[in-house]
Amino acid sequence: MKKWITALCCALAAILLLFPLYILLINSLDVSHVLQMKYFLLSPSIDPLLSALFTDALYSTQFLNSFFLTIPVVAGHILFAVTSGFALARRSFKFSFVLTALYVAVLLLPSQVTILPNFILCKSIGILNTP
Amino acid sequence: MKSYSQKKFNRTLNLLFLPGFIGFCLFYVLPMFWSLMESTRVSLLDRSFAGLAHYQRIFQNKYFILAVRNNLLLLLYFTALCMLLGLFLAVIVHKSIRGNFLVLLVAPIFLPSSALSIVWKEAFLSQSALFRPYLEAFLPTRLLGVELSSLLLLMLWQNTGLITVLLSCALNSLDKDIIDAARMDGASSFRLLLSIKLPLIRPTLVFSSAFCIYRAFSSFREVYLLFGNYPPGNIYQVQNYMQNHFNKLNYAILSAAALSMTVIVFAVFFPLLSIGEWRKKR
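Residues numbered from 1 in each chain as written. Chains lettered and ligands numbered in written order. Predicted model: local features only at pLDDT ≥ 70, side-chain atom pairs only at ≥ 80, totals over all residues. Heavy atoms only, no water.

### So, the overall build of chain B
The condition is simple: The way it works is that DSSP assigns letters per residue, a run of H or I at least four long becomes a helix, a run of E at least two long becomes a strand, and they are numbered from the N terminus. The Shrake-Rupley method, run with a 1.4 Å probe, gives the accessible areas here. Residue values count only the displayed protein chains as cover. Positive charge is attributed to Lys and Arg, negative charge to Asp and Glu, and no charge count is given to His or to the chain ends. The atoms used to mark charge sites are NZ of Lys, CZ of Arg, CG of Asp and CD of Glu.
A tally of helices and strands in chain B yields 14 helices and zero strands. Moving toward the C terminus, one meets the helices and strands of chain B in the order α-α-α-α-α-α-α-α-α-α-α-α-α-α. Overall, the C-alpha framework of chain B stretches about 75 × 65 × 30 Å when taken along its three principal axes. Summing over all exposed atoms, chain B offers an accessible surface of approximately 15200 Å²; the carbon and sulfur share of this is 67%. Of the charged side chains in chain B, 26 are positive and 11 negative; the average position of the first set lies 8 Å away from that of the second.

### Details of the overall build of chain A
Filter applied, for reference: Only protein chains enter the accessibility calculation, which uses a 1.4 Å probe; a residue is then buried when its area is under 20% of its type maximum, exposed when over 50%, and partly exposed in between. Only heavy atoms matter for contacts: two residues are in contact if any of them lie within 4.5 Å across the pair.
Helix and strand counts for chain A stand at five helices and zero strands. Secondary structure elements of chain A, listed N to C terminal, follow the sequence α-α-α-α-α. Residues counted as buried form 27% of the 131 residues belonging to chain A. A fraction of 0% describes how many contacts in chain A between residues 6 or more apart in sequence connect residues 24 or more apart. Counting only carbon and sulfur atoms, one obtains 76% of the accessible surface of chain A, whose full area is about 9400 Å².

### Describing the environment of B:Ile92
Secondary-structure assignment places B:Ile92 in helix 3 (residues 62–93). Setting aside residues no more than four positions away along its own chain, B:Ile92 makes contact with A:Thr6 and A:Cys9.

### Description of the packing of aromatic side chains
Here is the rule we go by: Put simply, two rings from Phe, Tyr or Trp (the six-membered ring, in Trp's case) pair if the centres are within 6.5 Å, and we call them stacked under 30 degrees between planes, edge-to-face over 60, tilted for the rest.
Under the criterion given, the structure shown has 17 aromatic pairs over all chains. Look at A:Tyr103 and B:Phe24: their rings are 4.7 Å apart centre to centre, the planes differ by 35°, and that puts the pair in the tilted class. You can see A:Tyr103 sitting in helix 4 (residues 96–105) and its partner B:Phe24 sitting in helix 1 (residues 6–39), one on each of two chains. Judged by relative accessible area, B:Phe24 falls into the buried class, the value being 10%. Seen from their ring centres, B:Phe24 and B:Tyr28 are 6.0 Å apart, and the 40° between their planes marks the pair as tilted. Of this pair, B:Phe24 and B:Tyr28 both sit in helix 1, separated by four residues, roughly a single helical turn.

### Comments concerning the interface of chain A and chain B
Quick note on the threshold: For any pair of parts, buried area is found by adding up, for both, the accessible area (1.4 Å probe) each one loses once the two are put together. Counted as salt bridges are all cases of a side-chain nitrogen of Lys or Arg within 4 Å of a carboxyl oxygen of Asp or Glu. Polar contact criterion, stated in full: a pair of N or O atoms within 3.5 Å, where within protein one must be able to donate a hydrogen and the other to accept it, and residues adjacent in sequence count only if both atoms are side-chain atoms. When residues are sorted by character, Ala, Val, Leu, Ile, Met, Phe, Trp, Tyr, Cys and Pro go into the nonpolar class, Asp, Glu, Lys and Arg into the charged class, and all the rest, Gly among them, into the polar class.
Taken residue by residue, the interface counts 51 residues in chain A and 59 residues in chain B. Summed over both sides, the interface between chain A and chain B buries roughly 5300 Å², with carbon and sulfur atoms accounting for 80% of that surface. Seen at the junction of chain A and chain B, the total is zero salt bridges. Run the count over chain A and chain B and you get two residue pairs in polar contact (both at pLDDT 80 or more). Counting residues per element, the ones that place at least two in the side of chain A that touches chain B are helix 1 (2–28), helix 3 (57–90), helix 4 and helix 5 (111–124) of chain A. Residues belonging to the side of chain A that touches chain B are distributed by class as follows: 39 nonpolar, nine polar and three charged.

### Considerations on the side chain of B:Thr262
As for its position among the elements, B:Thr262 is in helix 14 (residues 251–276). A polar contact of 2.7 Å, which involves the side chain of B:Thr262, links it to the backbone oxygen of B:Ala258.

### Regarding the pattern of salt bridges
All names here are of chain B. According to the stated counting rule, one finds one salt bridge over all chains in the structure shown. The partner of glutamate 136 in a salt bridge is arginine 132, and the shortest N-O contact between them spans 3.2 Å. Of this pair, glutamate 136 and arginine 132 both sit in helix 6 (residues 132–137), four residues apart, which is roughly one turn of the helix. Relative accessible area serves as the criterion here: at 10%, arginine 132 is assigned to the buried category.

### Structural notes on a nonpolar patch on the surface
Residues and elements named next belong to chain A. Note the threshold: Any residue with relative accessible area above 30% and no salt bridge may belong to a patch, with like charges joined within 9 Å and the nonpolar Val, Leu, Ile, Met, Phe, Trp and Tyr side chains within 5 Å.
The grouping of Ile46, Leu49, Leu50, Leu53, Phe54, Tyr59, Phe63, Leu64, Phe67, Phe68 and Ile71 at the surface amounts to a nonpolar patch, some 1100 Å² of accessible area in total. Broken down by secondary-structure element, the contributors of at least two residues to the nonpolar patch are helix 2 (47–55) and helix 3. Among the structural elements, phenylalanine 68 can be located in helix 3.

### Thoughts on the nonpolar core
Quick reminder of the rule: Throughout, nonpolar core names a set of buried Ala, Val, Leu, Ile, Met, Phe, Trp, Tyr and Cys residues whose side chains join them through atoms within 4.5 Å.
Counting residues in hydrophobic clusters, the biggest one holds 81 residues, and the most contacted among them are B:Phe78, B:Trp120, B:Leu151 and B:Ile201. The greatest single-element share of this core, amounting to 14 residues, is contributed by helix 8 (residues 146–172) of chain B. Once residues lying within four places of it in the same chain are set aside, the contact partners of B:Ile201 are B:Leu167, B:Ala170, B:Leu171 and B:Leu174. Listed in part, the six residues of the second largest apolar core include A:Ala87, A:Leu88, B:Phe9 and B:Leu13.

### Remarks on a positive patch on the surface
Together, A:Lys2, B:Lys95, B:Lys176 and B:Arg183 make up a positively charged patch on the protein surface. If you trace the backbone, B:Lys176 turns up in helix 9 (residues 176–184). The class for B:Lys176 is exposed, based on a relative accessible area of 57%.

### Describing the environment of B:Ser255
All names here are of chain B. Along the chain, serine 255 falls in helix 14. Note: C-alpha distance between serine 255 and isoleucine 58 (197 residues apart in sequence) is 11 Å. When near neighbours in sequence (up to four residues on either side) are disregarded, serine 255 contacts Ser35, Glu38 and Ser39.

### Section: the packing of helix 5 of chain A against helix 1 of chain B
We count it as follows: With axes taken as lines fitted to C-alpha atoms, and helix axes fitted only over the stretch in contact, angles between N-to-C directions fall between 0 and 180 degrees. Between 65 and 115 degrees an angle is taken as roughly perpendicular, under 35 as roughly parallel, over 145 as roughly antiparallel, and anywhere else as oblique.
Packing of helix 5 of chain A against helix 1 of chain B leaves a shortest axis separation of 9 Å and a crossing angle of 100°. Here helix 5 of chain A is positioned roughly perpendicular relative to helix 1 of chain B, judged by the angle of their axes. Here A:Val113, A:Thr114, A:Leu116, A:Pro117, A:Asn118, A:Ile120 and A:Leu121 of helix 5 of chain A come into contact with helix 1 of chain B, specifically with B:Leu26, B:Phe27, B:Tyr28, B:Leu30, B:Pro31, B:Met32, B:Trp34 and B:Ser35. Within the contact of helix 5 of chain A with helix 1 of chain B, the residues separate by chemical class into twelve nonpolar, three polar and no charged.

Following this line, the structure appears as structure tokens:
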């Protein structure tokens, strides 16, 4: 009995989880060029996917840009987060709780707050437009 | 560690801590200071000292007040719903969870919001949407309004999976002996959950709610994608207010709003983190 309830809950959660993905998939296979969301397709075609992947030059450029931007971002995150995380965990500084809380709290700041000062900062130390 | 004296080890730790701290000061503390200076100027052209005039102005502005109220309400609804739903799912599935299902649960966070917002617009928000009548008929979503409830649904859909995974991992890693002992003493499974398991996973609970708060404050991207620059009244957020002033180059007002927002964020966040006792007892 309990197993059935678990299975039912899992199935319900899976359906809810997958439904938006299903809609995205269906509409990516649509070639009818009607501006309306569809919930099922009579004649799916794989052409839109193929053209986005192989013939659309802009898409591949954008994808590669995102891809290559991710690598230094992740590397930098790991470098700085691992070192300071290890230090914070192993050594109790005077204000280590306050520092930890501050580190987490500044994540919540909206990007408009820091984007302009950071731009000015990068300009003044001369790392702007240098890949 | 024996050949390594404690003092030397501590010095190494200080050195390790330094790069992160310098980055933090450079990219967060310095901009804050810049904002503070900017918020006391009259404008970008008139550099004379304005004192607290901008703060007075934004706190008399009814749209800013509305935005702060909306932000805190969204935070409350989202964190409560996400934690309850995640905990419910975690309690049900944590014994039978498998690797593949786990990946499925975390997947929504990696999907781009721009694609999802199109689905949400067509499925919930447009006048001819398939699910809009249900949102209008169901009492809680009718009270919240179709726009706010569909935004909440989008955020819940994205984040509940991760919360479920976090909590079920914490539940799985509990010591079996304690649970067996409680069961021997005749605790029912509800009682077991309430007085043994939940107190034991409290650090994870605090971390998950901190994550929920983070997502609630950074929901501006979804709001912008779904509703544009001027969303309906019950969704209008502080970030919309700031974005509109950013576009108009009102940096003084933007800075004043940002600093007020920072104070609010810290006021919400610090009490929560102190509950968690992140600092380990030695």
